[in-house]
Amino acid sequence: MFSTEFLDIPSLQAAGGTVALPGSKSISNRVLLLAALSGGTTTVHDLLESDDTRIMLAALQQLGCAVAQSVGSVVIEGLGGRLKNTRARLFLGNAGTAMRPLTAALALLGGDFELSGVARMHERPIGDLVDALRQLGCRIDYLGREGYPPLRVGQPTLQLDTPIRVRGDVSSQFLTALLMALPLVAATQNLVIEVVGELISKPYIEITLNLLARFGIAVQREGWHRFTIPAGSHYLSPGAIHVEGDASSASYFIALGSITAGVSGQKDIKITGLGADSIQGDIRFTEAARLMGAQVTSGPNWLEVSRGAWPLHAIDLDCNHIPDAAMTLAVMALYADGPSLLRNIASWRVKETDRLAAMATELRKLGAGVEEGADFLRITPPASPGHWKAASIHTYDDHRMAMCFALAAFNPAGLPVRIEDPQCVAKTFPDYFETLFSLAHTFPASIPVICVDGPSASGKGTLAAALAQRLGYHYLDSGALYRVTALAAVRAGLALDVAHEVAIAALAQRLPVRFAGGRVWLDGNDATDAIRTEEAGMHASMVSALPAVRTALVALQHSFRTLPGLVADGRDMGTVIFPNAPLKVYLTAGAGRRAERRYKQLISKGFPAILDSLRVDLEARDARDSSRSVAPLKAAEDALLLDNSDLTIEESVDRVLSWWQGKQPFGQS
């Protein structure tokens, strides 16, 4: 997961391949609560791993529920409708799928509970649910603003002889919460819920009813205005239950297949973990995609999507049945042949943010014309590629804003898109951007590279690694490649001489090396310490003298240029390996200052060192490196010089980041 301040996505050209969806958020948190309320043990397979499910699991454990997690499954020991802990303070973040149903369940079971969340959760209305629960005799107090969390829940005095009335036109989660909580009463008479006004987001109620049936509760439904829980209903664990892939998350990849040309050998986007028979309402996003011209086929547990009509057809659509996935349609509308109208989406205003206002604001940044109404958006795409704009997208701590706007990187103008606070996708899809990049393709020249060159002990490796971390880019330590190559050759039984040059070069071409977490990994094993010895340095010098090996390693270094970008350090990154890199930095600290740094480093590790000797050695190495016939050490003509003699690492990183920001079309974030 990217945890950077922002993520710059370069211009993307095509996409193809297979994506395995994470589990449905809506199903996951419903199943966790139902399993906890039931009698018996429930094994939940394919549970979504996200912020929202972690919040729910933590809350259930606070209430006394036993939870055992393993790879791919969670085992819940049900409470049988009786809480072990009747006093708790529950922090529920921004998880509406935890706040609403837990409020209802705890209000009926009774105790002394405080439920709170992040600031945005305290702006999301819950008054209609509280009003409905108070009709039943539940005791709920507002700890802040009337109608909003945080809440205090006490001991109820239940009155079950009249229907419970709840509004349905603000959030379907209020009705879901009541449907899931009322079986806890174990009433001797039928319990009736009457919906006041039009019920929005009906597909989410269908998910709730389907899952209630799996746990032994057969709710009787009269249209969408009256729901009856039969007398004597009680929860019973199904033993095991599988969570299907998240249909809302599927919308981004359905859109991806709709707007992009395929790549060689991978014409379609294939989505696994979800099929046309899904119980989730957002599966109907496929219908909207077809209306816009996409080609969609499906099977029991898969979907395949490819581009059909191009540009996409503009649409006029009532989106009440796909409220979350409709956000993706708003970005698809940028690629349409005219204005698109998305109607009946007032529920967007009470989600993780006011999504209607947020979507209108960010679409305009990209060059779209947007009309925002009380419950609709009319989106006019940019008139031509020249009317598109590079934009820094504010995400409002809303996972869906981040995920759907990433698709704007496929714009015909070839412009990058910046996503602010990319880690907000952790709410439902922590690996979203990694998944997107695994499917997306672009021209190598479109993938940004920052080169950091300089003499030995100039701190280029430390600076480059810190830059890569701040930007979320890949990192290449070119100097370590020669050490790793030598190590791999020695382990393969190859002498480091001209007689074995061809064999070592062949090994270097397919070297399974990566740099992550400040460590160097060779074929999945940590080789950091093994390549830092004096012997490893000598071996590196021997293989670097072999021309065929150097040629092979040039190609290997080029392979590190992958999405979303690369920071590479060495002595010839800007002059030989990536001569067209958009930013080249050359460090110019003097030999004396570099000797002091190396001296402190060696002493701190317990190695003996003499400062003057280190300085002399560095000056001699500088002379050798700058006069060698192949790729001599020198600054690229267009490199920016950075004397970091008196700068901390943080100051050096900030200086280079400011240079990088100055080269971006959207400027400072």
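This report concerns the structure included in the present document. (Residues numbered from 1 in each chain as written. Predicted model: local features only at pLDDT ≥ 70, side-chain atom pairs only at ≥ 80, totals over all residues. Heavy atoms only, no water.)

### Examining the overall build of the protein chain
Of the regular secondary structure elements, the protein chain holds 21 helices and 33 strands. Per-residue burial over the protein chain gives 57% buried out of 669 residues. In the form shown here, the protein chain has an accessible surface area of approximately 26,200 Å², with 50% of it arising from carbon and sulfur atoms. Taken as two groups, the 61 positive and 67 negative side-chain charges of the protein chain have centres that lie 1 Å from each other. (Helix = DSSP H or I, 4+ residues; strand = E, 2+ residues; numbered from the N terminus. Buried < 20%, exposed > 50% of the residue type's maximum accessible area, 1.4 Å probe, protein only. Areas by Shrake-Rupley, 256 points an atom, 1.4 Å probe, with all protein chains shown as cover. Lys, Arg positive; Asp, Glu negative; His and termini not counted. Charge placed at Lys NZ, Arg CZ, Asp CG, Glu CD.)

### So, the sheet that holds strand β32 (residues 583-587)
The parallel open sheet is built from five strands, whose spatial order is β27-β31-β26-β32-β33. With partners counted over all chains shown, the strands left at the sheet margins are β27 (474-477) and β33 (640-642), one partner each. Averaged over all pairs of adjacent strands, the angle between strand axes in this sheet comes to 20°, irrespective of strand direction. In terms of strand pairing, β27 meets strand β31 (residues 566-570) through four bridges, oriented parallel. By the bridge assignment for β31, Tyr 475 is matched with Val 567. Helix-sheet contacts for helix α21 (residues 649-662) involve β26 (449-453), β32 and β33, and the interaxial angle to β33 is about 165°. (Pairing = 2+ DSSP bridges. Axes fitted to C-alpha atoms, helices over the stretch in contact; angles between N-to-C directions. Contact = heavy atoms within 4.5 Å.)

### Digging into the sheet that holds strand β14 (residues 226-229)
Strand order in the open sheet formed by four strands is β11-β12-β14-β13, and the pairing between neighbours is mixed. What marks the edges here is a single partner per strand, and that holds for β11 (164-167) and β13 (220-222). Each strand axis lies, on average, 20° off the axis of its neighbour in the sheet, ignoring direction. Sheet topology places β13 next to β14; three bridges connect them, and they run antiparallel. Residue pairing for β14: Arg 221 is matched across the bridge by Phe 227. Contacting β11, β12 (191-196) and β14, helix α5 (residues 172-181) runs over the sheet at an angle of about 155° to β11.

### Section: unusual backbone geometry
Here Pro 149 and Pro 150 are connected by a cis peptide whose omega angle stands at 5°. Its place among the elements puts Pro 150 in the loop between β9 (140-142) and β10 (151-153). Phi is positive for Asn 344, close to 60°, though the residue is something other than glycine. Its location among the elements puts Asn 344 in the loop between β20 (340-343) and α10 (355-365). Assessed through its relative accessible area of 22%, Asn 344 is described here as partly exposed.

### Quick notes on the packing of aromatic side chains
All told, the structure shown has twelve aromatic pairs when counted by the stated rule. Aromatic side chains Phe 2 and Phe 433 sit 6.3 Å apart centroid to centroid with 85° between the ring planes, which places their arrangement in the edge-to-face category. Placement of the pair is Phe 2 in the segment before β1 (6-9) and Phe 433 in helix α12 (residues 432-439), with a sequence separation of 431 residues. Exposure remark for Phe 2: the relative accessible area of 11% places this residue in the buried category. With 5.2 Å between their ring centres and 70° between their planes, Tyr 432 and Phe 433 make a pair best called edge-to-face. The class of Phe 433 is buried, set by a relative accessible area of 1%. Among the aromatic residues, ring-to-ring pairing joins Phe 2, Tyr 252, Phe 253, Phe 429, Tyr 432, Phe 433 and Phe 437 into one connected group. The side chain of Lys 270 reaches across the aromatic face of Trp 302, ending 5.5 Å from its centre. Here Arg 307 stacks its cationic end above the ring of Trp 310, 4.2 Å away from the centre of that ring. (Phe/Tyr/Trp six-rings, centres within 6.5 Å; stacked < 30°, edge-to-face > 60°. Lys NZ or Arg CZ within 6 Å of the ring centre and 35° of its normal.)

### Re the pairing of β12
Relative to β12, β11 runs parallel, the two being bridged by four bridges. Within the sheet, the bridge partner assigned to Arg 165 lies in β12 and is Glu 194. Running through α5, the crossover from β11 to the neighbouring parallel element β12 is right-handed. Judged from the four bridges that link them, β12 and β14 form a sheet pairing that is antiparallel. Note that in β14 the partner of Ile 193 across the bridge is Phe 227. (Right-handed = clockwise from strand over helix to strand, strands pointing away.)

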